[in-house]
Amino acid sequence: MTPDSSPSSVDDPLFESGHRIFANKDLLKIGHVPEADRIVGRDEEISKLAKRLNGAVHGYSPENVMIYGKTGTGKSLVSKHVCQRAQNAAQDGVEIGTAYIDCAEDNTETQAISSLAAKLNDESSTGISVPHTGLSTSKYYKLLWKTLDAQFDSVIIILDEIDLMNDDSVLMKLSRAEEAGKIDCSVGVIAISNKIQYVDNVNERVKSSFQHKELFFKPYDANQLREIMFNREDAFQDGVLSEDVIPLSAAFAAQEHGDARKAIDILRHAGEVAYEAGAEQVTEEHVRQAQQHAEKDRFRELVNGAPTQAKAALLALTELSVNSNDDAFLTSRVYDQYERICNHLDMDILSVRRFRDILKEQAFLGVVEIEKINKGSAGGIHLQNRLIEDPQVVRETILEDSRMQDWTRE
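Let me sum up the structure you'll find in this document. (Residues numbered from 1 in each chain as written. Predicted model: local features only at pLDDT ≥ 70, side-chain atom pairs only at ≥ 80, totals over all residues. Heavy atoms only, no water.)

**Here's the deal with the packing of aromatic side chains**
Right, so step 1: Across all of its chains, the model carries five aromatic pairs by this definition.
Right, so step 2: Between the aromatic rings of Tyr335 and Tyr338, the centroid separation amounts to 5.6 Å while the plane-to-plane angle is 35 degrees, which identifies the pairing as tilted. Residue Tyr335 and its partner Tyr338 are located together in helix H13 (residues 331-345), separated by three residues, close to a single helical turn. Tyr338 matches Tyr335 in its accessibility class, with the two residues each being buried. (Phe/Tyr/Trp six-rings, centres within 6.5 Å; stacked < 30°, edge-to-face > 60°. Helix = DSSP H or I, 4+ residues; strand = E, 2+ residues; numbered from the N terminus. Buried < 20%, exposed > 50% of the residue type's maximum accessible area, 1.4 Å probe, protein only.)

**Considering helix H8 (residues 222-230)**
Right, so step 1: Residues Leu225, Ile228 and Met229 constitute the buried set of H8. Mapping the buried residues of H8 onto a view down its axis gives an arc of 90 degrees, with all of them on the same face.
Right, so step 2: Tucked into the core, H8 has its buried residues touching helix H9 (245-255) and helix H10 (260-276).
Right, so step 3: The backbone nitrogen of Asn223 lies 3.1 Å from a side-chain oxygen of the residue at the head of H8, namely Asp221. (Arc of directions from axis to C-beta. Contact = heavy atoms within 4.5 Å. Polar contact = N/O pair within 3.5 Å; in protein donor to acceptor, adjacent residues only side chain to side chain.)

**Observations concerning the environment of Thr137**
Right, so step 1: Take Thr137: it is sitting in helix H5 (residues 137-151).
Right, so step 2: Exposure remark for Thr137: the relative accessible area of 22% places this residue in the partly exposed category.
Right, so step 3: With 29 residues separating them in the primary sequence, Thr137 and Thr108 have C-alpha atoms 9.8 Å apart.
Right, so step 4: Once residues lying within four places of it in the same chain are set aside, the contact partners of Thr137 are Glu109 and Thr110.
Right, so step 5: Engagement of the side chain of Thr137 in a polar contact is seen with the side chain of Thr110, the distance being 2.3 Å.

**Looking at the side chain of Asp160**
Right, so step 1: Along the chain, Asp160 turns up in strand E3 (residues 154-160).
Right, so step 2: No salt bridge is formed by the buried Asp160; the nearest opposite charge belongs to Arg261, separated by 4.5 Å.
Right, so step 3: In this structure the side chain of Asp160 is engaged in a polar contact, spanning 2.4 Å, whose partner is the side chain of Ser76.
Right, so step 4: With residues up to four places along the chain from it excluded, the contact list for Asp160 reads Ser76, Tyr100, Ile101, Asp102, Cys103, Ala104, Ile192 and Arg261. (Lys, Arg positive; Asp, Glu negative; His and termini not counted. Salt bridge = Lys/Arg side-chain N within 4 Å of Asp/Glu carboxyl O.)

Okay, structure coming up:
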């Protein structure tokens, strides 16, 4: 049968002609960058970031920016949005390149630079081929420099979850490239982290080279979360959402540090739950089921992306929780269990101070809850640590890491 003679459509009872629940599910994707009028509560952050990147629009160097904030506060969304607008606003004759790297996925220097070179390269324009693998780090850098100079006046690079990179030297090399004479093109870096202590642990040479400005994103409040979701209501068919679905989704997310990702996740999952159940409308009950599903997904994402030492610390707290009637434990007791785990897994044992920092980082991410307790003038003040998620779920998630699985082979 020739293409011209093929039928335009075939009615098949196995497939629906349209979706009962969703009209445009893409609006609920985490990576979706909405139009400006759909971005809620981030006007100040957008303005501040634009000022830092303004140089690129005019063909000279944008500033480097370090963005902090908890998960779901719009850091990646705003960064991508402002980069898009910078490209659109570029003066005549100024070419701006932008690239986004997820450092949870490309967590080595070689992976990050090879991905950057591939994403920024238009082979039909440059004549440069960038292989996915097989080259040394230095050769990928050389390909990147050639690619940038062949196409752009300025480039803005987003390094999301920079704290998950194995090596922070990528910051130094990117920020020093023009000064070191590697390229004529100017480069600006937006580094994004959930950890407010990230820069404190960066090499002094890297700090000196990066010379960043800092921008902090506060969590969304319940009203902002509701507005964010009402702005994406057209992801659903008309009349599908019962009136309490969006307020309840926002309320759940507001309880978890104003996480917009979680709010959107809950809304999407609620629609999926309703669809699977054969319902014609998304209701409060579907939201409650979706909230439980989204919480487990969010937690798994946080734990799976954690460094090995953080997983060992969480495993220590988990083992105590699973094997005790208590649910909160003094840091000293958790540290003792952590030492046993490290010895068994042949891992380096961190100092007590660094171990405390790891627990604080996990508390910042919403994995652990830390409470101060006062034992009086003789006992002093101590810290108690408690897992927020079900210990069995935590244990199951941590043991998905092949290195952690050795702990079960005692």
